[in-house]
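# Coordinates in review
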Amino acid sequence: MSSATASATTTATRLTARDHEVLPVAGAWMLAITRIAFGFYFLWAFLDKTFGLGYATPGERAWINGGSPTTGYLSGVEGPLAGFYNGMAGMVVIDWLFMLGLLGIGVTLITGAGARVGALAGALMYLFMYGAAIPTVNNPFLDDHLTGALVLLTVAAIPAAWSTLGLGDWWARTAPAFLR
């Protein structure tokens, strides 16, 4: 037996049966906290763009005051997909889809009810925002939008992330199969 194999075996035997119980529980809690944090991120964006709370959106550009939640971001896109994104900027249907997406993703991730659908929708929204950010500024490939999409895909893939600190178990019992 090589020393590397012996070291790996020693490390593996240090994990006890109790560790295998505790680690998944801690992982479920961390994924649930991550799910809720991402949900708050999306819900906050909805509230700020709707009411112009003065963080990313000043009051005069609030959606309730006639502002467009997509115009500022989409009209400023540069790069190979600029035409695609610039063409959608300020379109009423795009504004509504974007805002309903922010609200729905935020609520599902915070509550855990429909969290898989919300996480998948959030990952898709992040991928659209990633496309708008090409070429990326600080890294030739990876940016926070792509990383956010990967985290949300992880949340979507692990049911413990929905039921821990949330209504995921209730949702799984009551929702139609295509929404679970």
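Above this note sits the structure.
### Let's talk about a nonpolar patch on the surface
A cluster of nonpolar side chains, Phe40, Trp44, Phe51, Leu53, Tyr55 and Ile64, forms an exposed patch at the surface whose accessible area comes to about 660 Å². Secondary-structure assignment places Tyr55 in the loop between helix H2 (17-51) and helix H3 (71-75).

### Describing unusual backbone geometry
With omega at 0 degrees, the peptide bond leading from Ile134 into Pro135 counts as cis. Looking at the secondary structure, you find Pro135 in the loop between helix H6 (115-133) and helix H7 (144-157). Located in the positive-phi region is Leu165, a residue other than glycine, with phi close to 55 degrees. Here Leu165 is to be found in the loop between helix H8 (160-163) and helix H9 (168-174). Among the residues examined, Leu165 registers a relative accessible area of 41% and is labelled partly exposed.

### With respect to the environment of Ala28
Mapped onto the elements, Ala28 comes out in helix H2. Once the C-alpha coordinates of Ala28 and Leu165 are considered, the two residues, 137 residues apart in sequence, prove to be 9.2 Å apart. Beyond its immediate stretch of four places on either side in the chain, Ala28 contacts Ala160 and Thr164.

### So, the packing of helix H5 (residues 92-111) against H6
Helix packing geometry: the angle between the two helix axes and the distance between the axes. It is the contact of H5 with H6, at a shortest axis distance of 8 Å, that shows an interaxial angle of 135 degrees. Comparing their axes, H6 and H5 come out oblique. Remark: the crossing between H5 and H6 carries left-handed chirality. Between H5 and H6, the contacting residues are Phe98, Gly101, Leu102, Ile105, Thr108 and Leu109 on the first element and Ala115, Gly118, Ala119, Ala121, Gly122 and Met125 on the second.

### Thoughts on the side chain of Thr57
As for its placement among the helices and strands, Thr57 is situated in the loop between H2 and H3. Excluding anything up to four places from it in sequence, Thr57 contacts Asp48, Lys49, Gly52 and Ala62.

About the cut-offs
- Residues numbered from 1 in each chain as written.
- Predicted model: local features only at pLDDT ≥ 70, side-chain atom pairs only at ≥ 80, totals over all residues.
- Heavy atoms only, no water.
- Patch = residues over 30% accessible without salt bridge, like charges linked within 9 Å, V, L, I, M, F, W, Y side chains within 5 Å.
- Areas by Shrake-Rupley, 256 points an atom, 1.4 Å probe, with all protein chains shown as cover.
- Salt bridge = Lys/Arg side-chain N within 4 Å of Asp/Glu carboxyl O.
- Helix = DSSP H or I, 4+ residues; strand = E, 2+ residues; numbered from the N terminus.
- Buried < 20%, exposed > 50% of the residue type's maximum accessible area, 1.4 Å probe, protein only.
- Contact = heavy atoms within 4.5 Å.
- Axes fitted to C-alpha atoms, helices over the stretch in contact; angles between N-to-C directions.
- Parallel < 35°, antiparallel > 145°, perpendicular 65-115°, else oblique.
- Left-handed = near helix turned anticlockwise from the far one by under 90°.

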